Amino acid sequence: MTDIAGDTAPPLQSGRIGGALDRIPTGAKVFLILGICLLPLAIIAFFATIRTAQLADEATRAQMQVTATESARKLAIELVGDMTALRVSLNALESDPGDAPSCARAQGVFAPQAAMGTRFVISDSTGRVICGEPLRAGAAPGATKPGTAIAAHLIPGQGLTLSTTSTSGRTNAAAFFPTRVLAATAMPSNAPLPYEAHLVLDRDALLLHALPPRTALERRATINTVIGVGSVVLTTEVQGAPITSPVLVALLLPIIMWAAAAGISWFVVDRLLIRSLRQLRTRVANFVPGEEIDPGTMQALPAQEIRELGETFRAISRTVAEHEAGLAEGLVRQTKLTREVHHRVKNNLQVISSLINFHARAARSVEATQAYASIQRRVDALAVVHRNHFAELEENRGLSLRSVLGELAANIRATAPEDAPIAIQLDIAPYLANQDVAIAIAFLLTEIIELAMTVNPTANMRISIAAADVADRAVLRINSPALVDNDRMRALVAERYGRVIEGLSRQLRSKLHYDPMVGAYEIAVAVTGRD
């Protein structure tokens, strides 16, 4: 046998993959295919929506950048201008502490903001106020290095203090700007969006403008702008495009559309195609030969093509029903013919048996009478099998060996000589056999019984059929003292009976075993079941 495993491995593997795919329901395969095909479109639409939101955020950030720059510029102009005027007055008062015009100029610069809490002070190294008024303890600046241009001190919740020192360090000046002054100064001329502004210095922060509390889905953009006064930074926050219900819907809509498209497609295919095919398959599976599929059920299918397929099945069922009717009619005719043939064969065998019996009575010698009896026993054996076969013709289960051998034994007893009656004991299990096996068994038993009767006409016999080791076999056994090995037995087997017995055993397709010490023949015969 040629080994072709190496050549056939890839096809077997692909066959296993195809078999796995074939086991998936068609509806699931349709859903998977549509889902895979539509998923790239859903992903593209999803990221396009995200990019649109990003562009909106970038536009908002660009507008806020303009607003933050304007606010920082206004703060820088105001604060640097005030501190520059204050430094001029500081330098003049350092040279002449009694320079009243210089002090008046400083007061004039800060006068417009004084009503909102803006204060300034110029003092010498001992802390004596030269011009202005002392600042509150919390608003006073810390120590400033000589020559420092502007030093900033942020007071959370209050305001901003700016200070400067003369070159010699003998005189210093400071100005306090409250929160509302700084907020009003930093207010842009045109703020397109609500915003929040802080002045940040190191870890301190001063709130100028506030937004409502942040919500769970709110996003904010932050812009840091250096004012140029000390190290103060203006931090501006603006609300990004909010993640509202429309935005969430816009983000989820591609995914929802993808799932809906795949689901609707599956639903349509399942309802119009797969479900109809299941219904049609159920009707075809429940089809009984000889019946016709109901045409009304075919019209109820939603798909036109499947209705046409259903009509095709209905036409086939009608054709099958017509053929079944024809076959049934032909079978009836054939049964009648078979009955007639069997009846005539039975009658012919009966006529032959009667003719043999008639000639046997007219025989003039014992040898002729025995010859006629021997022939009649064989004809009777065939007739017995034929009658039983004709009786079992309706069921066709096989011939009952118990009935056949019982009738055969009765016929043999009837044809035995009156002065030498033969005793036959039967022990037959209820097995069934076909006609060919039953005929061979009947002829084989007839030959062996006649052999025993020839050796010893008054010998007793026992015929039995029992179970064998194989399920479809039974053991046929006949034993008699007349079959014990002796010279006459061997002579009869060699001259007359041996060849016939051997031929019948070959017809039974089994080996015939002979036990010369007990006087028994045994053979395994084929059976079709039990009665």
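Residues numbered from 1 in each chain as written. Predicted model: local features only at pLDDT ≥ 70, side-chain atom pairs only at ≥ 80, totals over all residues. Heavy atoms only, no water.

**Some points on the sheet that holds strand S15 (residues 513-515)**
Sheet strands pair via backbone hydrogen bonds, and the direction of the pair is either parallel or antiparallel. The sheet built from 5 strands is open, its strands ordered S11-S13-S14-S16-S15 with mixed pairing. The open sheet has two edge strands with one neighbour each: strand S11 (423-428) and S15. Each strand axis lies, on average, 15° off the axis of its neighbour in the sheet, ignoring direction. One ladder, built from 7 bridges, connects strand S14 (residues 473-479) with strand S16 (residues 520-526); its direction is antiparallel. Looking across to S16, one finds that Ala474 is bridged to Val525. With respect to the sheet, helix H9 (residues 401-415) is in contact with S11 and strand S13 (460-467), its orientation differing from that of S11 by roughly 180°. (Pairing = 2+ DSSP bridges. Helix = DSSP H or I, 4+ residues; strand = E, 2+ residues; numbered from the N terminus. Axes fitted to C-alpha atoms, helices over the stretch in contact; angles between N-to-C directions. Contact = heavy atoms within 4.5 Å.)

**Things to note about the state of the cysteines**
For the structure shown, the criterion picks out 1 disulfide. Between Cys103 and Cys131 runs a disulfide, and the two sulfur atoms are separated by 1.8 Å. Taking the sign of the torsion about the S-S bond as the criterion, the disulfide between Cys103 and Cys131, at about 85°, is right-handed. Of this pair, Cys103 sits in helix H3 (residues 100-114) while Cys131 is found in strand S2 (residues 129-132), placing the two residues 28 residues apart along the sequence. The class for Cys103 is buried, based on a relative accessible area of 13%. Residue Cys131 is classed as buried on the basis of its relative accessible area of 1%. (Disulfide = S-S within 2.5 Å. Buried < 20%, exposed > 50% of the residue type's maximum accessible area, 1.4 Å probe, protein only.)

**Quick look at the packing of aromatic side chains**
Applying the stated criterion across every chain yields a total of 3 aromatic pairs. With centroids separated by 5.0 Å and ring planes inclined at 20°, the aromatic side chains of Phe110 and Phe120 adopt a geometry described as stacked. With Phe110 in helix H3 and Phe120 in strand S1 (residues 119-124), this pair connects stretches of sequence that are 10 residues apart. Their ring planes at 40° and their centres at 6.2 Å tell us that Phe110 and Phe177 sit as a pair that is tilted. (Phe/Tyr/Trp six-rings, centres within 6.5 Å; stacked < 30°, edge-to-face > 60°.)

**Regarding the sheet that holds strand S3 (residues 151-155)**
Spatial strand order, S2-S1-S5-S4-S3: 5 strands in an open sheet with antiparallel pairing. Looking at the sheet topology across the chains shown, the edges are occupied by S2 and S3. Direction aside, neighbouring strands of the sheet carry axes that sit 20° apart on average.

**Description of helix H11 (residues 487-507)**
For H11, which comprises 21 residues, the first-to-last C-alpha distance of 28 Å matches the rise-based estimate of 30 Å (1.5 Å per residue) to within 8%. Taken as a whole, H11 carries its principal kink of about 70° at Tyr497. Listed as buried for H11 are Met489, Leu492, Tyr497, Gly498, Ile501, Leu504 and Ser505. Of the residues flanking the start of H11, the one acting as N-cap is Asn486, its side-chain oxygen 3.2 Å from the backbone nitrogen of Arg488. Among the residues trailing H11, Arg509 stands out with phi positive, at a value near 55°. (Expected span 1.5 Å × (residues − 1). Bend = angle between axes of the 7 residues up to and from the residue. Polar contact = N/O pair within 3.5 Å; in protein donor to acceptor, adjacent residues only side chain to side chain.)

**Here's the deal with the nonpolar core**
Ile441, Ile449, Leu451 and Ile463 are the most contacted members of the largest nonpolar core, which totals 51 residues. At 14 residues, helix H10 (residues 435-455) tops the list of elements feeding residues into this core. Not counting residues within four places of it along the chain, the set of residues in contact with Ile463 comprises Leu405, Ile424, Gln425, Leu426, Asp427, Ile428, Leu445, Ile449, Leu476, Arg477 and Ile478. Membership of the second largest hydrophobic core comes to 39 residues, among which are Leu79, Leu93, Leu162 and Ala183. (Core = buried A, V, L, I, M, F, W, Y, C linked by side-chain atoms within 4.5 Å.)

**Some thoughts on a nonpolar patch on the surface**
Together, Phe31, Leu32, Ile36, Ile264, Trp266, Phe267, Val268, Leu272, Leu273, Leu277 and Leu309 give the surface a local cluster of nonpolar side chains, amounting to about 990 Å² of exposed area. Elements with a minimum of two residues in the nonpolar patch: helix H2 (26-95) and helix H5 (245-285). Of the residues forming the nonpolar patch, the biggest block, 7 residues, is contributed by H5. Note on placement: Leu32 falls in helix H2. Under the relative-accessibility criterion, Leu32 is labelled partly exposed at 48%. (Patch = residues over 30% accessible without salt bridge, like charges linked within 9 Å, V, L, I, M, F, W, Y side chains within 5 Å. Areas by Shrake-Rupley, 256 points an atom, 1.4 Å probe, with all protein chains shown as cover. Salt bridge = Lys/Arg side-chain N within 4 Å of Asp/Glu carboxyl O.)

**Focus on unusual backbone geometry**
Phi is positive for Asp202, which is not a glycine, with a value near 55°. By the element assignment, Asp202 lies in the loop between strand S6 (195-201) and strand S7 (204-209). Positive phi, close to 55°, is recorded for Arg509, a residue that is not glycine. Along the polypeptide, Arg509 turns up in the loop between H11 and S15.

**Here we look at the pattern of salt bridges**
Applying the stated criterion to the full structure yields 9 salt bridges. For Glu450, the salt bridge identified is with Arg496, shortest N-O distance 3.2 Å. In this pair, Glu450 sits in helix H10 while Arg496 sits in helix H11, placing the two residues 46 residues apart along the sequence. Counted as one network, the salt bridges with shared partners bring together Asp485, Asp487 and Arg490.

**Remarks on H9**
Counted at 1.5 Å a residue, the expected span for H9 with its 15 residues is 21 Å, and the 21 Å between its end C-alpha atoms agrees. Buried residues of H9: Leu401, Val404, Leu405, Leu408, Ala409, Ile412 and Thr415, and no others. Seen end-on, H9 carries its buried residues on one side only, within an arc spanning 130°. (Arc of directions from axis to C-beta.)

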